[in-house]
Amino acid sequence: MAGAELVELAKRRGFFFGANGAYGGTAGFYTFGPQGAALKRNLEDAWRDRFTLQEGNREIEAPTVMPEAVFEASGHLEGFDDLLVECGECGESHRADHLVEDATGIEDAEALPGEEVEELIREHDVACPSCGSPLAGRDVEDFNLMFATDIGPGDGQPGYLRPETAQGIFVEFPRLKEYARGSLPFGITQIGPAYRNEISPRGGLLRLREFTQAELEQFIDPEADEPPLERVEDVEVRLYPATAQDEEDGEYLDTTVGEAVSEGVIGSPWVGYYLGVAQEWYERVGVDTDRFRFRQHLAGERAHYAADCWDAESEVDGDWIEIAGFAYRGDYDLSKHDAYGDDSFTVFKRYDEPKTVERATVDPDMSVLGPEFGGDAAAVAEALETLAGRDPDAFEDETVTVEVGEGDERETHEIDADVANFSIEAVTENGEHITPHVVEPSFGVGRTVQTLLAHAYETDEVDGEERTYLSLAPEIAPRDAAVFPLVTNDEPLTDLAGRVAADLREAGLAVAYDDSGSIGRRYRRQDEVGTPFCVTVDRDGIEGDGPETVTVRERDSAAQARVPVADLADELAALRTGGTFDDLIDRYGAVETDVETTTEN
RNA sequence: GCACCGUUGGUCCAGUGGUAGGACAUUAGCUUCCCAAGCUAAUAGCCCGGGUUCAAUUCCCGGACGGUGCACCA
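Draft legend 1. Region of the structure containing the overall build of chain A. For chain A, the count of helices and strands is 21 helices and 30 strands. Relative to a compact globule of 601 residues, whose C-alpha radius of gyration would be 25 Å, chain A shows 32 Å and is clearly more extended. Taken over the C-alpha atoms alone, chain A extends approximately 110 × 70 × 55 Å along its principal axes. Burial analysis of chain A (601 residues in total) assigns 47% to the buried set. Total accessible area on chain A is roughly 29800 Å²; 43% of this is exposed by carbon and sulfur atoms. In chain A, 49 positive and 133 negative side-chain charges are present, and the distance between their average locations comes to 10 Å.

Structural data, given as structure tokens:
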């Protein structure tokens, strides 16, 4: 349990803190300090490496402000809109639309305007579910979780800050499919901020009004495309299926991705594939697998379009928090934009062999229909065409009967079959337009940062003194290394230390230089921000005829190796990308120290 | 958004109707050849607005922010 201590450390050492403190602070907004910003960037780079580069996907960057029409199509305008009513007696807030639905049997009261819901509450004498007092006469407040703004001067055009990064990908699909040369499957990623005007932001980075998402939209042909499941079939995962959650003493299912998919625990192979990829990635960036699981959504919490949905959850401070979601979204998103937007959100799927199909067509003689039906002629022609597709037999008689117009205007007409020019043609079809399905792994970056810090937070004793350190993965740690002169009143040491730091920076490493206070203090400073390696320049390294050497200290064990200055940059780079410190000691030799670490827990 | 509690140097806390003190941290110097040592000095604070009062960091009201519970979390 390190909650309060971690928050204090995050503030003191520059990981993150509440934003706009000089103006009283703003709930739901956090600033990442120097350490936190570096950590977050490293995490995003690791995500980009795995989910964009390794998968052969492509990353885009769409605007954060989008026009209202986008969210009409996506459903956010309605779905993100809550109608709240507050009880005057006990002060409880309730979803007004839900209360009305329960009282009246109306479905989808959410879509009704606030005044109408107020009216319905009055008519049906809806009472507060908490205390039973009547709610009639109370204001129904309209609360939309999206931040609204105006695009352009004056009244402009209404726009919203995107509540998820995904829409930026879906909206641009017509062009993105061109870049994929019209072929499925392909994946588009995006890392960026999203905004939700949360009623009550809480818990540090856990529920913010501005937060960073890393999302992949994998577009597939549901009938043809299969994921490379063999790559992750042996990956071990801890699953928490819906059935287990329903049981009193439901247990985790420790299995492999391959098993879970073949046994149908995970419904979609694509979702299974990405759970496996994610599991490996989470281990790589330093999530404690004992405090990690994939939890299946219960039927009730699943969005209506999602056939199967799993969350990655991590345990932070005793609570399980959602850090990623994996949803099979079907064709929901693209179909909606196809219907609402101007462009085509389908791809052309070529058949293996062109198909020849017989198609009934008509070619009405408009020089007859025009004089006869006047303004209705076009409608009649269209009706004939529809009829030909539906019931070709109707054209076998001498006359054909069609209906045109709506409601009271509806009229029945009889037309000579000759005029319709009915025929059955053989048509060659090379393929069809299909709406791709979408598999969406969606990661919360801030929540992952919080998880990594919580899981990396350790205390032990070094030389009998208590120590706090962050056991961050070298790839993720804000800094790659720190460089110190062992003592500060020895000019050759400070000179070399300064030179070493400059060389390492030139080699592309993020390096801190520190010559303030005792050596132990400097080690502890770096331990607390998770710097994996500390380079110390000492007398032994510059005396004698051999090449200059320095000691490299590993954070968690406090063990040291003596490494030539000339090799240092390469060795540190290797350690960052998966090299082990034991290997370094094997090759260069350890430095004997009396320092001992204990690990509590 | 409601209820309760809280807000004092960078951090964690003490305290007061007459504007504040500690610890740690930080900075400078000395010391120091491997793990928050020591010595000297320095920097730095009462969340914001209104009210009561001769006087408010302190009391009262409101707000902001934070914690907890409820509600909310497509």
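There's more to say after this.
Draft legend 2. Representation of the protein's contact with RNA strand B within the structure. Residues in contact with RNA strand B amount to 50 residues; listed here are only the nearest, Glu8, Arg196, Thr488, Arg525 and Arg539. By atom count, sugar and phosphate contribute 48% of the portion of RNA strand B lying within 4 Å of the protein. Within the side chain of Ser200, a nitrogen or oxygen atom sits 3.3 Å from a base oxygen of RNA strand B. At 2.8 Å from a phosphate oxygen of RNA strand B is found a side-chain nitrogen or oxygen belonging to Arg521. No other element matches the 7 residues that helix H18 (residues 519-528) contributes to the surface near RNA strand B.

Draft legend 3. Here's a closer look at the environment of Asp343. By secondary structure assignment, the location of Asp343 is in the loop between helix H12 (332-340) and strand E17 (347-361). Between the C-alpha atoms of Asp343 and Glu5, which are 338 residues apart in sequence, the distance is 53 Å. For Asp343, the contacting residues outside a window of four places in its chain are Pro174 and Asp338.

Draft legend 4. Local environment of empty space enclosed by the protein. One pass over the structure, following the stated rule, counts 1 cavity of 30 Å³ or more. Its boundaries defined by the atoms lining it, the largest cavity holds a volume of some 40 Å³. Forming the boundary of the largest cavity are Leu43, Glu44, Trp47, Ala214, Trp281, Phe443, Gly444, Val445 and Thr448. Counting only elements with at least two residues in the lining of the largest cavity, the list comes to helix H2 (34-53), strand E21 (437-444) and helix H16 (445-456). Considering each element in turn, the lining of the largest cavity owes the most residues, 3 residues, to H2. Residue composition of the lining of the largest cavity, grouped by class: 6 nonpolar, 2 polar and 1 charged.

Draft legend 5. Representation of the pattern of salt bridges in the model. Tallying each qualifying case throughout the model produces 30 salt bridges. Residues Arg293 and Glu313 are paired through a salt bridge, measuring 2.7 Å at the closest nitrogen-oxygen approach. One end of the pair, Arg293, is in strand E14 (residues 292-296); the other, Glu313, is in strand E15 (residues 309-316), with 20 residues separating them in the sequence. Overall, the relative accessible area of 8% leaves Arg293 in the buried class. Across the pair Glu548 and Arg499 runs a salt bridge whose closest N-O atoms are separated by 3.1 Å. Pair noted here: Glu548 is in the loop between helix H19 (539-542) and strand E27 (549-554) and Arg499 is in helix H17 (residues 491-506), with a separation of 49 residues, a long-range link. It is possible to trace a salt-bridge network through shared partners that takes in Glu8, Arg12, Arg13 and Glu528.

Draft legend 6. Up close: the sheet that holds E14. Read from one edge to the other, the open sheet built from 9 strands follows the order E3-E10-E11-E21-E16-E15-E14-E12-E13, with strand pairing classed as mixed. The open sheet has two edge strands with one neighbour each: strand E3 (58-59) and strand E13 (253-256). Direction of pairing for E15 relative to strand E16 (residues 319-330): antiparallel, over a ladder of 8 bridges. Along E16, the bridge assignment pairs Ala312 with Ala324. Against the sheet, helix H11 (residues 269-285) touches strand E11 (210-220), strand E12 (236-240), E14, E15, E16 and E21, its axis set at about 145° to E16.

Draft legend 7. Seen up close, the side chain of Glu55. Inspection of the secondary structure assignment puts Glu55 in the loop between H2 and E3. Side-chain polar atoms of Glu55 contact the side chain of Arg50, separated by 2.9 Å. Once you skip the residues sitting within four places of it in the chain, Glu55 turns out to touch Arg50, Arg231, Tyr273, Tyr274 and Val277.

Draft legend 8. Region of interest: H11. Across its 17 residues, H11 extends 24 Å between first and last C-alpha, which sits within 8% of the 24 Å expected from 1.5 Å per residue. Within H11, 13 of the 17 residues are buried, which leaves the element mostly enclosed by the surrounding structure. The N-capping residue of H11, defined by a side-chain oxygen 3.1 Å from the backbone nitrogen of Trp270, is Ser268. Directly beyond the C-terminal end of H11, a positive phi value near 110° is found at Gly286.

Analysis parameters
Residues numbered from 1 in each chain as written. Chains lettered and ligands numbered in written order. Predicted model: local features only at pLDDT ≥ 70, side-chain atom pairs only at ≥ 80, totals over all residues. Heavy atoms only, no water. Helix = DSSP H or I, 4+ residues; strand = E, 2+ residues; numbered from the N terminus. Rg over C-alpha atoms; globule rule 2.2 N^0.38 Å. Buried < 20%, exposed > 50% of the residue type's maximum accessible area, 1.4 Å probe, protein only. Areas by Shrake-Rupley, 256 points an atom, 1.4 Å probe, with all protein chains shown as cover. Lys, Arg positive; Asp, Glu negative; His and termini not counted. Charge placed at Lys NZ, Arg CZ, Asp CG, Glu CD. Near = heavy atom within 4 Å. Polar contact = N/O pair within 3.5 Å; in protein donor to acceptor, adjacent residues only side chain to side chain. Contact = heavy atoms within 4.5 Å. 1 Å grid on protein atoms, 1.4 Å probe; cavity = no way out; pocket = protein on both sides within 12 Å on 5 of 7 lines; lining within 4 Å. Points joined across faces, edges and corners; volume = space filled by probe spheres on them. Nonpolar A, V, L, I, M, F, W, Y, C, P; charged D, E, K, R; others polar. Salt bridge = Lys/Arg side-chain N within 4 Å of Asp/Glu carboxyl O. Pairing = 2+ DSSP bridges. Axes fitted to C-alpha atoms, helices over the stretch in contact; angles between N-to-C directions. Expected span 1.5 Å × (residues − 1).

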